[in-house]
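Geometric and topological summary
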Amino acid sequence: MAARATLSPGSSPPMSSSLAGINDGVSVTLSPDAVPFSPLAPGDREEMGSVAGQFSHYASKLRSLRAGDPASLKTQLNLLFDQLISENYSPNHNIRPEEVCALLIHVTRLVPLSQEHLVVKLCQLTHHLLNQLQVIVDEQTLDVCVCYVVRALAVCSLWTHSEVLQALSTLIYGNGPRCNRHLIELLGDGGVLRLYSDPSQPDMELRRAALTCMANLCLGVPGQASLEDPYRSVCFRVFLQTLQSPKPPDAEELLYLKGLQSSLCGGKWRFGGQEELGALLAVLKRLMFQGCPGVCVEWPSVLYPAPLPQYETCSTTKPPEPPQNPPTQTSGVRSRGRGRKGGGEDEEREADPRLQRGGRGGEAWSKTSVLPSPGVPSLYPLWKRSSSDSEFSDPEGAAHSKLRLFHGRVRQGVLLCLLAVVKAVEKRTLYGYWSSFIPDAPIGGPPPLTLLTVVLKDPSPKVRACALQVVSALLDGSRQFLGVAEDLAPARTSYTPFSFSLATAVRELHRSLSLALLAEASAHTLTQIIKCLAHLVCNAPYNRLRPGLLSPLWRQIQPYLRHRDVNVRVSVLTLYGALVSTQAPLSEIQLLLTHTSQEMGLSWRQREGFSSPHTPPSHKYHNSHTPRGSHTPGEEEPGVPWLLQLCVSLVTQPRDDQSDSEGPGGGGATALEPSPVRLEALQVLAHLVRGYFPLCQACLCELGQVSARCLRETDPSIQLHGAKLLEELGTGIIQQYRPDNSQSESCRVPISQVVQFWVDVLSGPLNGALQSHQHPTLQTSACDTLSSILPQAFTQLPEKSQVLCVTVLLGLTYSDNSLVKAAAVRALGVYILFPCLREDVMFVADTANAILTALDDRSPNVRSKAAWSLGNLTDTLIVNMGCVGEVFQEELSDMLVLQMLQSATTAAFDKDRVKSNAVRALGNLLHFLSVSQLTRPGFQRPLEEAVSALVTTVQSEATMKVRWNACYALGNAFRNPALPLDSASWSGDAFSALCCVVTSCQNFKVRIKSAAALSVPACRHCYGDAERFGHVWHSLAAALEHSEETQDFLEYRYCSSLRHTLTHTLTHLLRLSQSQDMPALGMSLVMEEGRVSTIFLTTRGNRMGLVQESRTERLPVSGFRCRSVDCGMVKFPVFFNFIQLTK
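Not measured: the values here are computed from a predicted model. (Residues numbered from 1 in each chain as written. Predicted model: local features only at pLDDT ≥ 70, side-chain atom pairs only at ≥ 80, totals over all residues. Heavy atoms only, no water.)

Focus: the overall build of the chain
When its secondary structure is counted, the chain shows 50 helices and two strands. Among the 1143 residues that make up the chain, the fraction classed as buried is 54%. A sequence separation of at least 24 residues applies to 73% of the contacts in the chain between residues at least 6 apart. As displayed, the chain has an accessible area near 50,300 Å², and 53% of this comes from carbon and sulfur atoms. (Helix = DSSP H or I, 4+ residues; strand = E, 2+ residues; numbered from the N terminus. Buried < 20%, exposed > 50% of the residue type's maximum accessible area, 1.4 Å probe, protein only. Contact = heavy atoms within 4.5 Å. Areas by Shrake-Rupley, 256 points an atom, 1.4 Å probe, with all protein chains shown as cover.)

Here you go:
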């Protein structure tokens, strides 16, 4: 009998050679990289009679066997196992998962652990069935089978453990959280997986199998709980130790690489960011260059956050000299130069560099490749350099190709793991490690080894694409971090500012990605490069950088507009959209938009032997034409941006060619561009109109026709983007007519043209989009389009068009869809500000009723929009008080005003985004109330509740925007002379709340607004008795004394405005003060020991100063001696030299 297994690491003998070929006929091990699957429903399977019938036949024979049968049982089991293992199964076969699970449970009862050969075959059968049929076993089967294999690992000989672990990895695939009963045996102290996965385990096959089991345990399945944190941490530590451990000298390299793959697959699923981040990033950076000869670097064991490049330095070891007697060429395939097209995505092309991009021969990154001299840095891709013919024989070449293939898989797994880390770790934490992965310009010596080195030099297109995904993830959301970059100022010689280092990194990203764009031939990787450039453009602060970065990129990507791959064309349009939307308007982009491009519209079928888009088409062709006409857009209409005409043609004109990704027979000569291209072109148009409307306004009517055409189509996505383009056009016109716009009148779109534009739009298909109940998103966008009509143009629209807009919006406020309702309520909030509508009492009443109904909606988004619209409506009430007078107040229903007051009070206790506008509406309504309304009993309690809501909001811990609005609302309410501020019970609470905020709030803008509110009452009696007046004075004086004390340095910029407002309010109080107020004011100054009496504010520009009277003069009268100091811009009474009160 074979010896029992001892599970101590380091004592495992190598696998028996007689069983080394057991796995030869078995499919690839189930990997955690595979997408989790679900069993197919019985009704969805097609009948596959032969295979399914044979499985049922052999399964029924197995189920008929019993453990107590005679000695022939072993022979029958052997035969039946062999028959089942020899079949090739597919998930489409009509084999139910329940049958597989029942069979596995039964055979585990038939095979005793003493029959080790049968145990091995049972494990092979388990792996074969579950892997090929893609079955995730149920909980009962999992429990029975895992118990069996765990006992087999404890009882059977060591030579069987590789197959047993393979079966275990297949059983627990996607079932990690269900293995709670067995986790102690597997991952606890002394657990079998921890022992076999230990780096000291000499048997690499067992170690790899154990790592695969741990990876499958950590596999995350959507909808299921993850592995418990303690066990996940155990697995992570094992994976990290495996990645950090060097390859044993006597270990087979392929098995070592497979172990690395398993560790990477397990480590990337559930990285929570709590583990040793520096150690993980260090090992991932080292393995990014796994299998890359010529990389002689002293790698650190831990990366530490630092603002500058660190650690790795090239080894001083001499580079390997080329062999003087190269091996004899036996079966080399000579390089075919530039004749073949590359982009090989399959593993064979990755394994053989002779099949790489462009078909150029040579062994990428091989020891015999021509490496750059250390003194001459070069980022030209090594896989682009030609080398001699194959230097290996056929068997040697196959082995080397397989080794290169697995090295590439490891590098790909490393980058996917790094991508998971980047997405899981907080952005601020990662910023300290940027210098390890994103280079700045190399200063002498060889370039640093970073992600861009992989992008430029790795021979595998899949690895390059993964590296680009990591760079994109690092750039995504980094606008605030990169916003510090600046290189407009002259460079300093004494030290390098961090802003300059970041600017240099941005330039290096541009340079490296441009090189990669020139060299890339794989369509998938090319798409990733362009997407990465789009992320860079969206986040880099080009207004703080020297011009010249965007122009080369703009011209470089033009030839790709007619690339044969749809995804490449879409990504190019995405990049153009990023270029015209980043920090718009940029002068550099404005020049590029108006520049005539001769190369823009070439079709790829017009290029002779297209090799790479960086070859200038003008060198190959004469009289080249665009697919839309005989001239480029710039030649036809010099005043119109060519990008605008290009996008219009992509949306509306038939395509003249057919891309590879569309297949043959793509719709004939009249077929339009693919939907993704048209959608992206519409988005570019929207970005272009938003950022550079003056360049697009000449095509206003044409763009309106494009939108109308899109709205008439049946594709909802095209309709939606057409409506969004209309909204951007309307918003651009409104921006031109804003009072703060410095654009001259002659440069604006004439009102007559704007009116005609909207007449055409409203008489077109937009009305159908508004009534498209089956597409609520389209209805929402159509409502937003109606809200973008210029108020001056709306006044001149035909009456039927005005009635159409108002009627449709009022009706849509009662829609069942919350998005549509919110958009309609917001549009009414815009319309209520129109001069031609705000004085219409009926429209105001209808809008108010619709808004009040929306304020009671369950959706927070609807309530937020309704509160904003209610704030606008109450703003209109205040405007009408001044324009129309008391007539409007009398015509508006008191009951409606009371309902608005009560609804706004209720909304003031809602979420912050609702509350901020609700308190604004409360302030307006309290300002609007008339004397007759205030004297009615029905208004007394709502009035008290409204003021109480404002006071509570001012003193609450809400956001500063909400508190600012509440202070503004109280000041607005104080403007109503009909409010009984002197006698009302709530007025004391209102003044106390404002006094508390003006002295204690950390936000200076809130303090400024509270001080301004305290200066609103125009009469002395509004401040109440002398005690309340003195309290207000004391609070303002204390606030002025401490106006420079702040814990947030950012608040200091508002210090001058705060002191200005406080001094103005104190002066206002001083002017209103009466003789009975003098004792309170005197006590305030005595408590301050006379210091406040010497403080005053000098406003001359933004300067502040303190003046103190050097001589104390006593007057025999009560009060203050005041004089006026001319401070240039404002005259402030300066109160100084407190005089003791007369006894």
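Here's the deal with the pattern of salt bridges
Within the structure shown, the criterion is met by 23 salt bridges. For glutamate 945, the salt bridge identified is with arginine 941, shortest N-O distance 3.3 Å. In this pair, glutamate 945 and arginine 941 are both assigned in helix H44 (residues 940-955), four residues apart and thus about one turn of the helix distant. A cluster of three or more residues bridged by salt bridges with shared partners is formed by Asp487, Arg507 and Arg546. (Salt bridge = Lys/Arg side-chain N within 4 Å of Asp/Glu carboxyl O.)

Things to note about helix H36 (residues 818-831)
Between its terminal C-alpha atoms H36 stretches 20 Å, which fits the 20 Å expected from 14 residues at 1.5 Å a residue. Counting buried residues along H36, 11 of its 14 residues qualify, which places the element largely inside the surrounding structure. Listing the buried residues of H36 in full gives Val820, Lys821, Ala822, Ala823, Ala824, Val825, Ala827, Leu828, Gly829, Val830 and Tyr831. Close packing links the buried residues of H36 with helix H33 (776-786), helix H34 (791-796), helix H35 (799-812), helix H37 (835-838), helix H38 (841-855) and helix H39 (860-883). (Expected span 1.5 Å × (residues − 1).)

A look at the environment of alanine 465
Following the sequence through the fold, alanine 465 ends up in helix H18 (residues 461-475). Taking the C-alpha atoms as reference, alanine 465 lies 9.5 Å from leucine 415; in sequence the two are 50 residues apart. Aside from chain neighbours lying at most four places away, what touches alanine 465 is His524, Thr525 and Gln528.

Here we look at the environment of leucine 452
Checked against the element boundaries, leucine 452 lands in helix H17 (residues 451-457). Judged by its relative accessible area of 3%, leucine 452 falls in the buried class. Put simply, leucine 452 and proline 439 are 13 residues apart on the chain and 7.7 Å apart in space, counted from C-alpha to C-alpha. Excluding its chain neighbours within four sequence positions, the residues that come into contact with leucine 452 are Phe437, Pro439, Val471, Glu508, Leu509, Ser512 and Leu513.

Remarks on the packing of aromatic side chains
Remark: the centre distance and the inter-plane angle together describe each pair of aromatic rings, the angle taken between the planes. According to the stated counting rule, one finds 17 aromatic pairs in the structure shown. Ring centres of phenylalanine 757 and tryptophan 758 lie 5.2 Å apart, and the angle between their planes is 75°; this geometry places the pair in the edge-to-face category. Under the relative-accessibility criterion, phenylalanine 757 is labelled buried at 2%. Assessed through its relative accessible area of 0%, tryptophan 758 is described here as buried. Here the aromatic rings of phenylalanine 991 and tyrosine 1023 are separated by 5.6 Å at their centres, their planes lie at 40°, and the arrangement is tilted. With phenylalanine 991 in helix H46 (residues 987-1000) and tyrosine 1023 in the loop between helix H47 (1004-1014) and helix H48 (1026-1041), this pair connects stretches of sequence that are 32 residues apart. (Phe/Tyr/Trp six-rings, centres within 6.5 Å; stacked < 30°, edge-to-face > 60°.)

Considerations on the confidence of the model for the chain
For the chain, the mean per-residue pLDDT works out to 78, and 75% of the residues sit at or above 70. Contacts for the low-pLDDT stretch residues 308-392, under 50 throughout, to residues beyond four places or in other chains number 162 contacts. This model gives residues 663-669 a pLDDT under 50, and the stretch forms nine contacts once residues within four places in sequence are excluded. (pLDDT = per-residue confidence, 0-100.)

Concerning the nonpolar core
Counting 253 residues, the largest nonpolar core has Trp554, Leu579, Ile589, Leu643, Tyr831 and Met900 as the members making the most contacts within it. Once residues lying within four places of it in the same chain are set aside, the contact partners of tryptophan 554 are Tyr576, Leu579, Val580, Ile589, Leu592, Leu593, Trp642 and Leu643. Leu62, Val137, Val164 and Cys235 belong to the second largest nonpolar core, which has 70 residues in total. (Core = buried A, V, L, I, M, F, W, Y, C linked by side-chain atoms within 4.5 Å.)

Some words on helix H30 (residues 716-736)
Compared with the 30 Å implied by 1.5 Å per residue over 21 residues, the 31 Å span of H30 between its first and last C-alpha is a close match. You can read the cap of H30 off the contacts: a side-chain oxygen lies 3.1 Å from the backbone nitrogen of serine 717, and it is on aspartate 715. (Polar contact = N/O pair within 3.5 Å; in protein donor to acceptor, adjacent residues only side chain to side chain.)

What to know about unusual backbone geometry
Of the consecutive residues alanine 584 and proline 585, the connecting peptide bond is found in the cis state with omega at 0°. When you line up the elements, proline 585 lands in the loop between helix H23 (566-581) and helix H24 (587-594). Despite not being glycine, glutamine 134 has its phi angle at roughly 55°, a positive value. The residue glutamine 134 is located in the loop between helix H4 (116-133) and helix H5 (139-155) in this model.

Some thoughts on the packing of helix H9 (residues 204-218) against helix H10 (residues 229-244)
Orientation of H9 relative to H10, taken along the N-to-C sense of each, is 140°, at an axis distance of 10 Å. Between H9 and H10, the angle is such that the two are oblique. Between H9 and H10 the crossing geometry is left-handed. Here H9 contributes Arg207, Leu211, Met214, Ala215 and Cys218 to the contact with H10, which in turn contributes Cys235, Val238, Phe239 and Thr242. (Axes fitted to C-alpha atoms, helices over the stretch in contact; angles between N-to-C directions. Parallel < 35°, antiparallel > 145°, perpendicular 65-115°, else oblique. Left-handed = near helix turned anticlockwise from the far one by under 90°.)

Description of the packing of helix H27 (residues 675-691) against H30
Packing of H27 against H30 brings their axes to within 9 Å, and their N-to-C directions diverge by 10°. Viewed along their axes, H27 and H30 adopt a mutual orientation that is roughly parallel. Between H27 and H30, the contacting residues are Ser675, Arg678, Leu679, Leu682, Gln683, Leu685, Ala686, Val689 and Arg690 on the first element and Ser717, Ile718, His721, Gly722, Leu725, Glu728 and Leu729 on the second.

What about the environment of leucine 103?
Tracing the backbone shows leucine 103 in helix H3 (residues 97-110). According to the relative accessible area criterion, leucine 103 is buried, its value standing at 0%. Distance from leucine 103 to serine 60, taken between C-alpha atoms, is 8.8 Å for residues 43 residues apart in sequence. Those residues in contact with leucine 103 that lie beyond four places of it in its chain are Phe55, Ala59, Leu62, Leu84 and Leu129.

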